[in-house]
Amino acid sequence: MTVRRRQAARILLLDGLDRVLLFLGSDPAVPDVTWWFTPGGGLEPGEDVRDAAARELVEETGLRGVELGPLVGYGTVSFSFRGQRYEQEQWFHLARTEATGLDRSGTGDEEHAELLAARWWTLEELRRTAETVYPAGLADFLERLLVQGPPVVPVRL
């Protein structure tokens, strides 16, 4: 099977209570398997990571005027979606918002099958959950961000 390579911008969006926004997703080809993940998505042709993060955030949450913070992490993931294998380079921006009401009407039709729910998670809830959360190690990374602030150089996740 051919592996599609793509680049993606992801957002660690924190609210005023230091909760992080995660979406519940599944692959329509394997609907019984679910996982939680950060907002974000693929870069469009000619788009840079910051512009993609801002666009994806509005499309997936409806939140406008969210000030993107620094790049804090990056990594490469491999996954399958609708029977297609992907290898994705992704970069994570930190962002904060006081608004927590979401409007997901801007998500594309293809994404509706993937995004089953949205939830604001506390650090403690992330630590306690038995559910799958991406990126791996998110609770530890989030705690470091909250205690030490953003790293000078983005961290490999």
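In what follows, the structure referred to is the one given above.
About the thresholds
- Residues numbered from 1 in each chain as written.
- Predicted model: local features only at pLDDT ≥ 70, side-chain atom pairs only at ≥ 80, totals over all residues.
- Heavy atoms only, no water.
- Helix = DSSP H or I, 4+ residues; strand = E, 2+ residues; numbered from the N terminus.
- Expected span 1.5 Å × (residues − 1).
- Buried < 20%, exposed > 50% of the residue type's maximum accessible area, 1.4 Å probe, protein only.
- Polar contact = N/O pair within 3.5 Å; in protein donor to acceptor, adjacent residues only side chain to side chain.
- 1 Å grid on protein atoms, 1.4 Å probe; cavity = no way out; pocket = protein on both sides within 12 Å on 5 of 7 lines; lining within 4 Å.
- Points joined across faces, edges and corners; volume = space filled by probe spheres on them.
- Nonpolar A, V, L, I, M, F, W, Y, C, P; charged D, E, K, R; others polar.

**Q** Would you mind showing me how to read helix 1 (residues 49–61) here?
**A** Compared with the 18 Å implied by 1.5 Å per residue over 13 residues, the 18 Å span of helix 1 between its first and last C-alpha is a close match. Within the span of helix 1, buried status applies to V49, A52, A53, R55, E56, L57, E60 and T61. Measuring from the backbone nitrogen of R50 back to the side-chain oxygen at the start of helix 1 gives 3.2 Å, which picks out D48 as the cap. Where helix 1 terminates, the next one or two residues include G62, which has phi positive at roughly 80 degrees.

**Q** Looking at this structure, I do not really get the layout of surface pockets. What am I missing?
**A** By rolling a water-sized probe across the atoms, one finds the places where empty space is left. For the largest pocket, the calculated volume is near 1,000 Å³. In this structure, the largest pocket is lined by 35 residues; those nearest its centre are R6, R10, F79, Q88 and E114. Elements that contribute at least two residues to the lining of the largest pocket include exactly strand 1 (3–14), strand 3 (30–37), strand 4 (40–42), helix 1, strand 5 (68–81), strand 6 (84–96) and helix 2 (109–114). Element by element, the count of residues in the lining of the largest pocket is highest for strand 5, at 7 residues. Classifying every residue of the lining of the largest pocket gives 14 nonpolar, 12 polar and 9 charged.

**Q** It is not clear to me how unusual backbone geometry should be interpreted in this structure. Could you clarify?
**A** Trans is the prevailing form of peptide bonds, just as negative phi is the prevailing case for residues other than glycine. Cis rather than trans, the peptide bond between Y134 and P135 has omega equal to 0 degrees. Here P135 lies in the loop between helix 3 (123–128) and helix 4 (138–148). Of note, the phi angle at D18 is positive, near 65 degrees, even though the residue is not glycine. Locating D18 in the fold gives a position in the loop between strand 1 and strand 2 (20–27). By relative accessible area, which is 30% here, D18 ends up partly exposed. Phi at R82 is positive, roughly 55 degrees, even though this residue is not glycine. Along the polypeptide, R82 turns up in the loop between strand 5 and strand 6. Judged by relative accessible area, R82 falls into the partly exposed class, the value being 44%.

This is a description of form; function is not addressed.
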